[in-house]
Amino acid sequence: MSSVAEQLDSVLHKAARLIELCNALQEENELLKQENSSVKLALNAAKIKNSDLEEKMRVLKLAKSIEGTSEKTLDIKQKINDFVREIDKCVVLLKK
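If you're wondering where the values come from, they're calculated on a predicted model, not measured in any experiment.

The rules behind these values
- Residues numbered from 1 in each chain as written.
- Predicted model: local features only at pLDDT ≥ 70, side-chain atom pairs only at ≥ 80, totals over all residues.
- Heavy atoms only, no water.
- Helix = DSSP H or I, 4+ residues; strand = E, 2+ residues; numbered from the N terminus.
- Rg over C-alpha atoms; globule rule 2.2 N^0.38 Å.
- Buried < 20%, exposed > 50% of the residue type's maximum accessible area, 1.4 Å probe, protein only.
- Areas by Shrake-Rupley, 256 points an atom, 1.4 Å probe, with all protein chains shown as cover.
- Lys, Arg positive; Asp, Glu negative; His and termini not counted.
- Charge placed at Lys NZ, Arg CZ, Asp CG, Glu CD.
- Salt bridge = Lys/Arg side-chain N within 4 Å of Asp/Glu carboxyl O.
- Patch = residues over 30% accessible without salt bridge, like charges linked within 9 Å, V, L, I, M, F, W, Y side chains within 5 Å.

**Looking at the overall build of the protein chain**
So, step 1. Within the protein chain, the secondary structure is distributed over two helices and zero strands.
So, step 2. Compactness check: the protein chain gives a C-alpha radius of gyration of 36 Å against a globular reference of 12 Å for 96 residues, more than 25% above the reference.
So, step 3. When the backbone C-alpha atoms are referred to their principal axes, the protein chain occupies close to 110 × 40 × 15 Å.
So, step 4. The buried share of the protein chain, reckoned over its 96 residues, is 0%.
So, step 5. Of the roughly 9,200 Å² that the protein chain leaves accessible, carbon and sulfur atoms contribute 63%.
So, step 6. A gap of 14 Å separates the mean positions of the 17 positive and 16 negative side-chain charges of the protein chain.

Printed below as a string of structure tokens:
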């Protein structure tokens, strides 16, 4: 009869241990979920910063390409003036 009682005690002890392990794993799971959430937020912030920096880099490249020598600047201004004249002609034609 004592062996049945010992087996029952052993089963109860193992069940209690499993419950403790389950609770510990649930706590760890919650911590990992929180960490995952914070890492996702940091990743999104890094993506936004990266896109902002890429936009700034694009603007700087454009500014550098326009910057150049005075001949390039004069050429660009001349092209812009030509475009403006062409647009003015189109506007006049549309008004007729």
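Past the structure itself, the notes keep going.
**Details of the environment of threonine 73**
So, step 1. When you line up the elements, threonine 73 lands in helix α2 (residues 70-95).
So, step 2. Through-space distance from the C-alpha of threonine 73 to that of alanine 46 is 37 Å; in sequence the pair is 27 residues apart.

**What to know about the pattern of salt bridges**
So, step 1. As enumerated under the stated definition, the model contains three salt bridges in all.
So, step 2. The salt bridge partner of glutamate 55 is arginine 58, with a shortest N-O separation of 2.7 Å. With glutamate 55 and arginine 58 both in helix α1 (residues 2-67), this residue pair falls three residues apart, about one helical turn.
So, step 3. We note a salt bridge from arginine 85 to aspartate 82, for which the minimum N-O separation is 2.8 Å. One end of the pair, arginine 85, and the other, aspartate 82, are both in helix α2, three residues apart, so they sit about a helical turn from each other.
So, step 4. What makes aspartate 82 partly exposed here is its relative accessible area of 36%.

**Considering a nonpolar patch on the surface**
So, step 1. A cluster of nonpolar side chains, Phe83, Ile87 and Val91, forms an exposed patch at the surface whose accessible area comes to about 300 Å².
So, step 2. Structurally, isoleucine 87 is set in helix α2.
So, step 3. Judged by relative accessible area, which is 52%, isoleucine 87 ranks as exposed.

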